[in-house]
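# Structure assessment
Read off the chains here:
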Amino acid sequence: MTKIMISDMPKHVGETVTIGAWLFNKRSSGKIAFLQLRDGSGFVQGVVVKANDEEVFATAKALHQETSMYVTGEVTEDTRSSFGYELQVTGIEVIGEAHDYPITPKEHGVEFLMDNRHLWLRSKKQHANMVVRNEIIRATYEFFNDNGFKKVDPPILTGSAPEGTSELFHTKYFDQDAYLSQSGQLYMEAAAMALGKVFSFGPTFRAEKSKTRRHLIEFWMIEPEMAFVEHDESLEVQEQFVAHVVQSVLKNCKLELEVLGRDTAKLEKVTAPFPRISYDDAIEFLHKEGFDDIQWGDDFGAPHETAIANHFDLPVFITCYPKGIKPFYMQPHPDRDDVVLCADLIAPEGYGEIIGGSERIWDHKLMKEQIEAAGLDPEAYAWYLQLREFGSVPHSGFGLGLERTVAWITGAEHVRETIPFPRLLNRIYP
Ligand code: 4AD
Ligand code: MG
């Protein structure tokens, strides 16, 4: 007997095959049973006819949700099912029984589902979220490999704090202090001086006391860094990268987007270039829209970002923020000392900031002043300063948050559904 995955069924029409599968739903009458089966690679309906084999039919009728089994049968085409195929079942071998599976097809509350995240992952929508996440990861590697970038892995245990000291996870490193990485950027700058164009893809940690639908304590970030690349050139890489990821998901995850009920027309429009608006103009725009709660110099809140994003209906770059609300390493604007050469990319449909990036200060003296002004320990940053002593060059980079990107592309309500085991303000279980 050929053992196959459900996703391979199109190649086996007319053959008798065996799949290892779990039962996720079942309908039956006195004569026929329809088994909804899943094996991780896909979903398929198994049809069991009593008249063909009473014993197999009796086994099928007694199955419970999430029982695991080997199912044998002939693969047939079926235009009515969204998958296009069915299995005409002739044999069932139960492997692992399941009784009273907690997640039934009825509605459950969020906390209950989160407590059962280890099981919730098996459900159709969560499965689709994970498949889309995987496609975004695949397309990310594809994009950077095709464009001359080398993957570099920065450390996770670090002694530096690129994005501010207030959100660090502290730990002991034998008798020294260490922090879990909140961004690999500083190390990626060193790597760019060695390898030219580099990207990292790894977990980052922020002890942020934020309880919003966009914040995780542990999230994954893609951080490219490019030597001899200035601010505007970096924006071009960013829009091409994001457009590539969106178009790849549209092409390779049709079934998943359908399961998620995603309006794909909005995603189809996502092609480079993306609109750009300066921070100054964004403030003026918000004032015209009636937001009188924000002044020049303030950071944007979610409602501000959403209003700007809705105006463009595409991802939009907000460029050149005030120096005071951005980290110490950003290159000042050549004509103004109150703003820096940076951009945040705001996703459409209220998903907020998905990229933060900038050109980096490459002048040694200025960087030294900035480190001191930020109140950082110059000794911990000695190596970083040295990068500006030996053949310093203009360079730029950015960080894309994977989970916010998954949330936007899948249309998820909350980032907790975009990562297998979310770490949230009050949750580290399961
Ligand atoms: O804007 P951020 O803080 O930028 C940096 O860390 C830079 N050092 C990156 C760089 O230039 N190499 O974070 C980058 C992105 C944000 O735009 C957002 O998508 C995501 O990381 N992010 C979070 N995602 C989920 N939960 C959180 N708490 C996040 N904080 C940031
Ligand atoms: Mg940011």
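None of these values were measured; they are calculated from a predicted model. (Residues numbered from 1 in each chain as written. Chains lettered and ligands numbered in written order. Predicted model: local features only at pLDDT ≥ 70, side-chain atom pairs only at ≥ 80, totals over all residues. Heavy atoms only, no water.)

In this section: a nonpolar patch on the surface. A cluster of nonpolar side chains, contributed by L157, Y173 and F174, occupies part of the molecular surface with about 360 Å² of accessible area. Looking at L157, the relative accessible area reads 44%, which means it is partly exposed. (Patch = residues over 30% accessible without salt bridge, like charges linked within 9 Å, V, L, I, M, F, W, Y side chains within 5 Å. Areas by Shrake-Rupley, 256 points an atom, 1.4 Å probe, with all protein chains shown as cover. Salt bridge = Lys/Arg side-chain N within 4 Å of Asp/Glu carboxyl O. Buried < 20%, exposed > 50% of the residue type's maximum accessible area, 1.4 Å probe, protein only.)

So, on to the side chain of Q331. Turning to its location among the elements, Q331 is positioned in the loop between strand 14 (316-319) and strand 15 (342-347). Its relative accessible area of 16% is what places Q331 among the buried residues. (Helix = DSSP H or I, 4+ residues; strand = E, 2+ residues; numbered from the N terminus.)

Let us look at the pairing of strand 3 (residues 32-38). Of all 7 residues in strand 3, 6 are buried, a share of seventy percent or more. Where strand 2 (residues 16-28) and strand 3 come together, 6 bridges link them in antiparallel fashion. Its bridge partner being in strand 3, L23 is matched across the sheet by L37. Here strand 2 folds back onto strand 3 in antiparallel fashion, the turn holding 3 residues. Strand direction decides the pairing type here: strand 3 and strand 4 (residues 43-49), joined by 7 bridges, are antiparallel. Bridging from a neighbouring strand, I32 pairs with V49 of strand 4. The turn joining strand 3 and strand 4, which pair antiparallel and follow one another in sequence, is formed by 4 residues; a positive phi near 95° is taken by G40. (Pairing = 2+ DSSP bridges.)

Next up on the list: the sheet that holds strand 10 (residues 176-180). Read from one edge to the other, the open sheet built from 3 strands follows the order 8-10-9, with strand pairing classed as antiparallel. Strands at the two margins of the open sheet, each flanked by one partner only, are strand 8 (157-158) and strand 9 (170-173). One ladder, built from 2 bridges, connects strand 8 with strand 10; its direction is antiparallel. Its bridge partner lying in strand 10, L157 is registered against L180.

Here the focus is the pattern of salt bridges. Tallied over the entire structure, the rule returns 23 salt bridges. Close ionic contact of R360 with E225 constitutes a salt bridge, the shortest N to O distance being 2.8 Å. One end of the pair, R360, is in strand 16 (residues 352-360); the other, E225, is in strand 12 (residues 218-227), with 135 residues separating them in the sequence. E225 sits in the buried class, given a relative accessible area of 1%. By sharing partners, the salt bridges in this structure join R38, E66 and R122 into a single network.

Ligand 1 sits among 22 residues. The nearest are E163, Q185, R206, E223 and E353. Within the backbone of G401, an N or O atom sits 3.3 Å from an oxygen atom of ligand 1. Contact with the protein chains covers 94% of the free accessible surface of ligand 1, which is 630 Å². Looking at the shell around ligand 1, the elements with two or more residues in it are strand 12, strand 16 and strand 17 (395-401). (Near = heavy atom within 4 Å. Polar contact = N/O pair within 3.5 Å; in protein donor to acceptor, adjacent residues only side chain to side chain.)

UniProt tags residues 132-430 as "domain: Aminoacyl-transfer RNA synthetases class-II family profile" (unreviewed entry). Spanning residues 132-430, this segment combines 35% helix with 20% strand, and its end C-alpha atoms are found 22 Å apart. (UniProt positions renumbered as here; feature names shortened; annotations may be inferred.)

This brings us to the pairing of strand 4. Of all 7 residues making up strand 4, 6 are buried, and the element is well covered by its neighbours. Bridge analysis of strand 4 against strand 6 (residues 85-96) gives 3 bridges, and the strand direction is parallel. Along strand 6, the bridge assignment pairs G46 with L87.

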